[in-house]
Amino acid sequence: SAAEIPSTFTVDGKAVVFSAYRQEPARDAQFPLALFTQLYSVPVTSGWVAQVLPGPALDATFDSKGEKLIFHDIKGYESEWRKHHTSSVTRDIWVYEFKSGKYRQLTTFKGEDRNPVFAANDDTFYYLSEQNGSFNVFKSSLSDPSKTEAITHLTNHPIRFLTRSTNDTLCFSFDGELYTLAPGNDPHRVPITISADGRGGIDKFVRVN
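Residues numbered from 1 in each chain as written. Predicted model: local features only at pLDDT ≥ 70, side-chain atom pairs only at ≥ 80, totals over all residues. Heavy atoms only, no water.

Caption draft 1: Spatial organisation of a nonpolar patch on the surface. Taken together, the side chains of Leu178, Ile192 and Ile194 make up a nonpolar region of the molecular surface, amounting to roughly 280 Å² of accessible area. Mapped onto the fold, Ile194 is located in the segment after strand 16 (188-189). (Patch = residues over 30% accessible without salt bridge, like charges linked within 9 Å, V, L, I, M, F, W, Y side chains within 5 Å. Areas by Shrake-Rupley, 256 points an atom, 1.4 Å probe, with all protein chains shown as cover. Salt bridge = Lys/Arg side-chain N within 4 Å of Asp/Glu carboxyl O. Helix = DSSP H or I, 4+ residues; strand = E, 2+ residues; numbered from the N terminus.)

Caption draft 2: Region of interest: the environment of Tyr126. Here Tyr126 is to be found in strand 10 (residues 124-129). A sequence separation of 12 residues divides Tyr126 from Arg114, and the C-alpha atoms of the two residues are 9.5 Å apart. Setting aside anything within four residues of it in sequence, one finds Tyr126 in contact with Asn115, Pro116, Val117, Ala119, Val137, Phe138, Lys139, Ile151, Leu162 and Leu170. (Contact = heavy atoms within 4.5 Å.)

Caption draft 3: Molecular detail of the nonpolar core. Membership of the largest hydrophobic core comes to 13 residues, with the highest contact counts inside it found for Tyr126, Leu128, Val137, Ile159, Leu162, Leu170 and Phe172. Looking at this core, the elements that each hand over two or more residues are strand 10, strand 13 (159-164), strand 14 (170-174) and strand 15 (177-181). Residue contributions to this core peak at 3 residues, all from strand 14. (Core = buried A, V, L, I, M, F, W, Y, C linked by side-chain atoms within 4.5 Å. Buried < 20%, exposed > 50% of the residue type's maximum accessible area, 1.4 Å probe, protein only.)

Caption draft 4: Broad picture of the pairing of strand 4 (residues 50-53). Relative to strand 4, strand 3 (residues 38-43) runs antiparallel, the two being bridged by 3 bridges. Each residue of the ladder has a partner; that of Leu39, found in strand 4, is Leu53. Where strand 3 folds back on strand 4, the antiparallel hairpin that results is connected by 6 residues, among which Ser46 adopts a positive phi of roughly 80°. (Pairing = 2+ DSSP bridges.)

Caption draft 5: Geometry of the side chain of Thr124. Inspection of the secondary structure puts Thr124 in strand 10. The buried category is assigned to Thr124, whose relative accessible area is 15%. Setting aside anything within four residues of it in sequence, one finds Thr124 in contact with Phe118, Ala119, Lys139, Ser140 and Ser141.

Caption draft 6: Local environment of the sheet that holds strand 11 (residues 136-141). Spatial ordering of the open sheet is given by 9-10-11-12, a layout of 4 strands whose pairing is antiparallel. The two strands at the open ends of the sheet, each matched to only one other strand, are strand 9 (113-118) and strand 12 (149-150). Where strand 10 lies against strand 11, 6 bridges are found, and the strand directions are antiparallel. Bridge pairing in strand 11 links Tyr127 to Phe138.

Shown next as structure tokens:
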């Protein structure tokens, strides 16, 4: 009876990975808070739930071999929709390596870094950051996370909900619209037509920026 938010499929497509507040580590007992979820997996055919990581790992996605998991953290309460936020609880990008059982922090920007996805080479990763004023897509790598590069330079509104296809085409939302971004190209708006039969008006849309 709690919020359970899906992040991704496992590499073999047999399970869904999701965040939920189910069984926190005993060391957190003095500060129980449903904000600090754990990461779990469950078979797509339903069945037993297994814990993947004991702490918060939001927007988690795997590399192509399922050996690493990249995600952003959460350190304290702050609205995920707030813009231009800088404090001690801004989100950072991390990677977890299953073989070694070790975590590594990849970003240290004083503002928000979030929603990472691996590139096809399993070293490069893309993520959203406010380093250039508004949430835009940035690129970095596991081999040299100190180097970052802005891939988009959109203004006035933040980019949200970053995903990647197997050929490294990115997809995201911006100003209430969907966009794709192929390697080396500019963002391309995806035209969407909403059909109606005339019995009800489609005259209002709610945008979350």
